[in-house]
Amino acid sequence: MKLSPDIMQDASEIVHYDKTGIPLYIRTGSLSSYPGMKALCHWHDDIEFIRILQGEMNYHINGENILIRQNDGLMVNARQMHYGYSVNSQECTFICVLFHPSLLSANRLLYQTYIQPVTENQGLPYFYLDSRESSDLPLLNTITNLSRLKTEAAPCYELQATALLYTFWAQLYTKKVLNCLTVKEPINQDIQLQKNMVSYICQHYSEKLTLSDIASAGNVCRSKCCKIFRRYLHQTPNDFLNTYRLKVSAALLTTTDLPITEIALTCGFNHPSYYTELFTRTYALTPTAYRTRHRPTPT
């Protein structure tokens with residue numbers, strides 16, 4: 001049995017939208033809900049908006065670290081490697097909005113003229129939204145309004161949300177994008193190599209993997225493999241492998257009745273005692289306690 005929750009075959013994240021068939025996801029979250037107050041590195045075809053409500057967040061995009069201050073935000077372009085994590089282990093609450101570009105594709109010419117030039121531009125990985133800048137406030141307020149619409153859950157709020165996204169995009173395009181469209185940065189080959197190696201881990205995590213196996217997936221030597229992982233993920237290849245295995249095991253603990261020993265073996269841990277030790281260190285709960293606390297209550 002093998003389970004890779006929320007991950008496509010190319011290791012891009014599967015986004016579970018709020019309503020099937022409408023590629024839109026809106027939620028308010030906190031870093032304390034993530035193990036070690038750090039999200040797993042991922043990428044997806046969706047565009048992502050973040051606005052910080054309380055605290056600060058470190059945000060890593062393609063090897064660059066950005067500090068997002070309270071009330072500020074980010075627009076993260078499609079298919080960028082990214083993850084957020086805590087500043088000095090401090091709590092941070094935030095609004096997260098994801099939507100697939102196809103949500104803004106009702107008219108093909110508008111899509112080709114204003115959306116594709118952004119989503120397909122390798123030189124535009126993100127835009128920082130600064131609450132101290134008057135030109136950015138309408139964009140930040142739109143993120144807040146999107147969250148409000150989701151919370152209120154008014155009839156056909158998805159239509160209102162889509163209208164807000166069109167407005168956001170028009171403002172973003174005129175205030176930020178137009179000045180950047182001449183940027184034509186060459187594709188960073190190391191980022192693609194990193195994606196290839198992460199993809200390999202996500203597809204083969206249940207097997208016995210060595211550093212040489214992971215490096216071969218990127219067609220690089222072992223030292224180059226380690227260098228790329230340190231640069232873009234701030235982890236060793238083995239640390240990322242174990243982090244991913246633990247994430248899969250956490251999903252199995254809450255969605256199946258498999259014995260813990262079987263879960264450990266299924267996820268690539270040859271020694272259940274080591275799995276329990278690593279899981280407890282990461283989640284601050286034993287696998288048994290985690291299953292008890294996080295398993296959905298039967299209705």
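Treat the numbers as computed from the prediction; the structure is a model and nothing was measured. (Residues numbered from 1 in each chain as written. Predicted model: local features only at pLDDT ≥ 70, side-chain atom pairs only at ≥ 80, totals over all residues. Heavy atoms only, no water.)

## What to know about the sheet that holds strand β1 (residues 24-30)
With antiparallel pairing, the five strands of this open sheet are ordered in space as β1-β7-β2-β5-β8. Single-partner strands in this sheet number two, and they are β1 and β8 (126-129). Taken over all neighbouring pairs, the strand axes of this sheet differ in orientation by 15° on average, direction set aside. Helix-sheet contacts for helix α2 (residues 137-152) involve β1, β2 (47-54), β5 (73-76), β7 (93-99) and β8, and the interaxial angle to β2 is about 90°. (Pairing = 2+ DSSP bridges. Helix = DSSP H or I, 4+ residues; strand = E, 2+ residues; numbered from the N terminus. Axes fitted to C-alpha atoms, helices over the stretch in contact; angles between N-to-C directions. Contact = heavy atoms within 4.5 Å.)

## A short note on the state of the cysteines
Enumeration according to the criterion identifies zero disulfides in this entry. Cys 92 forms no disulfide, and the closest cysteine sulfur to it belongs to Cys 96, at a distance of 12 Å. (Disulfide = S-S within 2.5 Å.)

## Some points on the nonpolar core
Nonpolar side chains in soluble globular proteins tend to be buried together. Core analysis: the biggest nonpolar cluster contains 41 residues, and Phe 229, Phe 240, Tyr 275 and Phe 279 have the highest contact counts within it. Broken down by element, this core gets its largest block of residues, eight residues, from helix α7 (residues 237-255). Among all residues touching Phe 240, those that are not within four sequence positions of it are Leu 40, Cys 41, Val 198, Ile 201, Phe 229, Leu 233 and Gln 235. Counting residues in hydrophobic clusters, the runner-up holds 29 residues, among them Phe 99, Leu 103, Leu 140 and Leu 165. (Core = buried A, V, L, I, M, F, W, Y, C linked by side-chain atoms within 4.5 Å. Buried < 20%, exposed > 50% of the residue type's maximum accessible area, 1.4 Å probe, protein only.)

## Observations concerning the packing of aromatic side chains
Per the stated rule, a full pass over the model turns up 12 aromatic pairs. Ring plane angle 70° and centroid distance 5.4 Å describe the contact between Tyr 205 and Tyr 244, whose orientation is recorded as edge-to-face. Residue Tyr 205 is located in the loop between α4 (189-204) and α5 (211-217), and its partner Tyr 244 is located in helix α7; the two are separated by 39 residues in the primary sequence. The residues Tyr 205 and Tyr 244 share a single accessibility class, namely buried. Among the aromatic side chains, those forming a connected cluster through ring pairs are Phe 269, Tyr 274, Tyr 275, Phe 279, Tyr 283 and Tyr 290. Taking NZ or CZ as reference, Arg 245 lies 5.8 Å from the ring centre of Phe 269, over its face. (Phe/Tyr/Trp six-rings, centres within 6.5 Å; stacked < 30°, edge-to-face > 60°. Lys NZ or Arg CZ within 6 Å of the ring centre and 35° of its normal.)

## Quick notes on the pairing of β8
With burial as the criterion, each face of β8 is covered, one bearing Tyr 126 and Tyr 128 and the other bearing Phe 127 and Leu 129. Here β5 runs beside β8; their pairing, made up of four bridges, is antiparallel. Directly across from Val 76, in β8, lies its bridge partner Tyr 126.

## A short note on the side chain of Asp 190
With respect to the helices and strands, the residue Asp 190 is situated in helix α4. With relative accessibility at 18%, the residue Asp 190 sits in the buried group. In this structure the side chain of Asp 190 is engaged in a polar contact, spanning 3.4 Å, whose partner is the side chain of Lys 224. Leaving out residues up to four positions away in the same chain, Asp 190 has contacts with Lys 224, Ile 228, Arg 231 and Tyr 232. (Polar contact = N/O pair within 3.5 Å; in protein donor to acceptor, adjacent residues only side chain to side chain.)

## Here we look at the sheet that holds strand β6 (residues 82-86)
With antiparallel pairing, three strands are arranged side by side in an open sheet as β4-β3-β6. With one partner strand each, in any of the chains shown, β4 (64-68) and β6 form the two edges of the open sheet. For this sheet, the mean angle separating the axes of adjacent strands, direction not counted, is 25°. Here strand β3 (residues 57-61) runs beside β6; their pairing, made up of five bridges, is antiparallel. Each bridged residue has a counterpart across the sheet, and for Asn 58 the counterpart in β6 is Tyr 85.

## Examining the pattern of salt bridges
Across all of its chains, the model carries 11 salt bridges by this definition. The salt bridge partner of Lys 150 is Asp 18, with a shortest N-O separation of 3.3 Å. Of this pair, Lys 150 sits in helix α2 while Asp 18 sits in the segment before β1; the two residues are 132 residues apart in sequence, bridging distant segments of the chain. You can call Asp 18 partly exposed: its relative accessible area is 30%. Note that Asp 72 is salt-bridged to Arg 69, the shortest N-O span being 3.0 Å. It is possible to trace a salt-bridge network through shared partners that takes in Arg 69, Asp 72, Asp 130 and Arg 132. (Salt bridge = Lys/Arg side-chain N within 4 Å of Asp/Glu carboxyl O.)

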